[in-house]
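Examining the three-dimensional arrangement
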Amino acid sequence: MLSRPTGPEGRLIVAIDTPTLARAEALAAQVGPFAGLLKLGLELFCAEGPPALGVLKARAPVFLDVKLHDIPNTVAGAVGSLLARRPDMLTIHAGGGPAMVAAARKAAEAAGPARPMILAVTVLTSMDEAALRATGVPDAAEKQVLRLARMAMESGADGLVCSPREVAAIRAGLGDAPGLVVPGIRPAGSAADDQSRTATPAEAVAAGADWIVVGRPITGAADPAGAARAIVASLAR
Ligand code: C5P
């Protein structure tokens, strides 16, 4: 399993959000040297399937962000099927419950010491409190995030995906145990796009993030490699 980075090197995860393998391959070649991992999400995975993993793995370790959520047996089967492609991080929904999280962890262990980190997603940041109530959750989002985070870690998750706003509360509530992967990052001066509650790379790491996920500020830049290099440099200051 990946070890958690201790310095600026390896903290940057670049989200390769594109539907075509050709574009993904070009981006991975440009930013791979500066990325701790490359994130392969649903857009590319649904378009190109598991071979996309191999294309990104040729450049850097891969964070496979497909947020698995099904009955434990099915999730275990999906994790087992993915192991052949050697993802380094893999997301599941904590909302699948303790047995599902445990099944994902157990299935991942079949890969031995090189197994993927199992990361749990708690409350999607697109869910506001009205949306939570509509799904039967009366509590504030932060309370639900902490409840799911604690349950996921107790059930065998290696870490969590969370927003910059949640990092400090998770560290306060759960300590150093979870590996924390944090999207919603915007370097100072770059466009927010559709992200509303952002932090800079350095702010997120100072709050307790182990890894930061950055997409469009890098992939949409005229010089993606330069943008990635500048983010890593900003963590060293
Ligand atoms: O382009 P941008 O930097 O906003 O990309 C961030 C990546 O992290 C995207 O792949 C997005 O789906 C993902 N993500 C996020 N916010 C979350 C969870 C995942 O932006 N709460």
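It should be noted that the structure appears before, not after, this text.
Residues numbered from 1 in each chain as written. Predicted model: local features only at pLDDT ≥ 70, side-chain atom pairs only at ≥ 80, totals over all residues. Heavy atoms only, no water.

Structural notes on unusual backbone geometry
At Lys 67, a position not held by glycine, the phi torsion is positive, near 45°. Considering the arrangement of structural elements, one finds Lys 67 in strand 3 (residues 62-68). A residue is classified by how much of its surface remains accessible, and Lys 67, at 27% relative accessible area, is partly exposed. Even without a glycine there, the phi angle at Arg 86 is positive, about 55°. (Helix = DSSP H or I, 4+ residues; strand = E, 2+ residues; numbered from the N terminus. Buried < 20%, exposed > 50% of the residue type's maximum accessible area, 1.4 Å probe, protein only.)

What to know about the site of the ligand
The environment of the ligand is made up of Ala 15, Asp 17, Lys 39, Thr 125, Pro 183, Arg 186, Gln 195, Val 213, Val 214, Gly 215, Arg 216 and Pro 217. Between the ligand and Gly 215 there is a distance of 2.7 Å, counted from an oxygen atom to a backbone nitrogen or oxygen. Protein burial of the ligand: of its 460 Å² of free accessible surface, 80% is covered by the chains. Listing elements by their share of the shell around the ligand, those giving two or more residues are strand 8 (211-214) and helix 10 (216-219). Class assignment for the residues of the shell around the ligand results in five nonpolar, three polar and four charged. (Near = heavy atom within 4 Å. Polar contact = N/O pair within 3.5 Å; in protein donor to acceptor, adjacent residues only side chain to side chain. Areas by Shrake-Rupley, 256 points an atom, 1.4 Å probe, with all protein chains shown as cover. Nonpolar A, V, L, I, M, F, W, Y, C, P; charged D, E, K, R; others polar.)

So, the pattern of salt bridges
Summed over all chains, the structure comprises 14 salt bridges. Across the salt bridge formed by Asp 139 and Lys 143, the nearest N and O atoms sit 3.7 Å from each other. On the basis of relative accessibility, which here comes to 49%, the residue Lys 143 falls in the partly exposed class. Each of Arg 4, Arg 171, Asp 176 and Asp 210 takes part in a single network of salt bridges with overlapping partners. (Salt bridge = Lys/Arg side-chain N within 4 Å of Asp/Glu carboxyl O.)

A few points about the packing of helix 1 (residues 21-31) against helix 11 (residues 224-236)
Their axes nearest at 8 Å, the elements helix 1 and helix 11 cross at an angle of 45°. In terms of their interaxial angle, helix 1 and helix 11 are classed as oblique. Our pair here, helix 1 against helix 11, has a crossing hand that is right-handed. Across the interface between the two elements, Leu 27, Gln 30 and Val 31 of helix 1 pack against Pro 224, Ala 225 and Ala 228 of helix 11. When grouped by side-chain class, the residues that make up the contact of helix 1 with helix 11 number five nonpolar, one polar and no charged. (Axes fitted to C-alpha atoms, helices over the stretch in contact; angles between N-to-C directions. Parallel < 35°, antiparallel > 145°, perpendicular 65-115°, else oblique. Left-handed = near helix turned anticlockwise from the far one by under 90°. Contact = heavy atoms within 4.5 Å.)

Some thoughts on the pairing of strand 5 (residues 117-121)
Of all five residues making up strand 5, five are buried, and the element is well covered by its neighbours. Two strands pair when backbone bridges link them, and strand 4 (residues 89-93) and strand 5 are joined in this way by five bridges, in the parallel orientation. Residue pairing in the sheet places Ile 92 in a bridge with Ala 120 of strand 5. With three bridges joining them, strand 5 and strand 6 (residues 159-161) adopt parallel strand pairing. Its bridge partner being in strand 6, Ala 120 is matched across the sheet by Leu 160. (Pairing = 2+ DSSP bridges.)

Re the pairing of strand 8
Remember that side chains alternate between the two faces of the sheet whenever the strand is regular. Where burial is concerned, the two faces of strand 8 agree: the one with Trp 211 and Val 213 and the one with Ile 212 and Val 214 are both buried. In the sheet, strand 1 (residues 12-15) pairs with strand 8 via three bridges, with the strands oriented parallel. From the neighbouring strand, Ile 13 faces strand 8, where its bridge partner is Val 213. Note that strand 7 (residues 179-182) and strand 8 share two bridges and pair parallel. Each bridged residue has a counterpart across the sheet, and for Val 182 the counterpart in strand 8 is Ile 212. After leaving strand 7, the chain enters helix 9 (residues 201-207) and then returns to the sheet as strand 8, a path that is right-handed. (Right-handed = clockwise from strand over helix to strand, strands pointing away.)

A look at the nonpolar core
The biggest cluster of nonpolar side chains holds 65 residues, and the ones touching the most others in it are Leu 12, Ile 16, Leu 38, Leu 40, Val 79, Ile 212 and Ile 218. Element by element, the count of residues in this core is highest for helix 7 (residues 141-154), at eight residues. Once residues lying within four places of it in the same chain are set aside, the contact partners of Leu 40 are Phe 45, Ala 52, Leu 53, Leu 56, Val 62, Phe 63, Leu 64 and Asp 65. (Core = buried A, V, L, I, M, F, W, Y, C linked by side-chain atoms within 4.5 Å.)

Comments concerning the side chain of Thr 200
Counting through the fold element by element, Thr 200 comes out in the loop between strand 7 and helix 9. Dropping the residues within four chain positions of it, Thr 200 is found in contact with Ile 185, Arg 186 and Ala 188.

Concerning the side chain of Asp 210
Relative to the assigned elements, Asp 210 resides in the loop between helix 9 and strand 8. Taking relative accessible area as the criterion, Asp 210 reaches 8% and is therefore assigned buried. At 3.3 Å, the side chain of Asp 210 and the side chain of Arg 4 are in polar contact. Excluding its chain neighbours within four sequence positions, the residues that come into contact with Asp 210 are Arg 4, Pro 5, Arg 11, Arg 171, Pro 178, Gly 179 and Leu 180.

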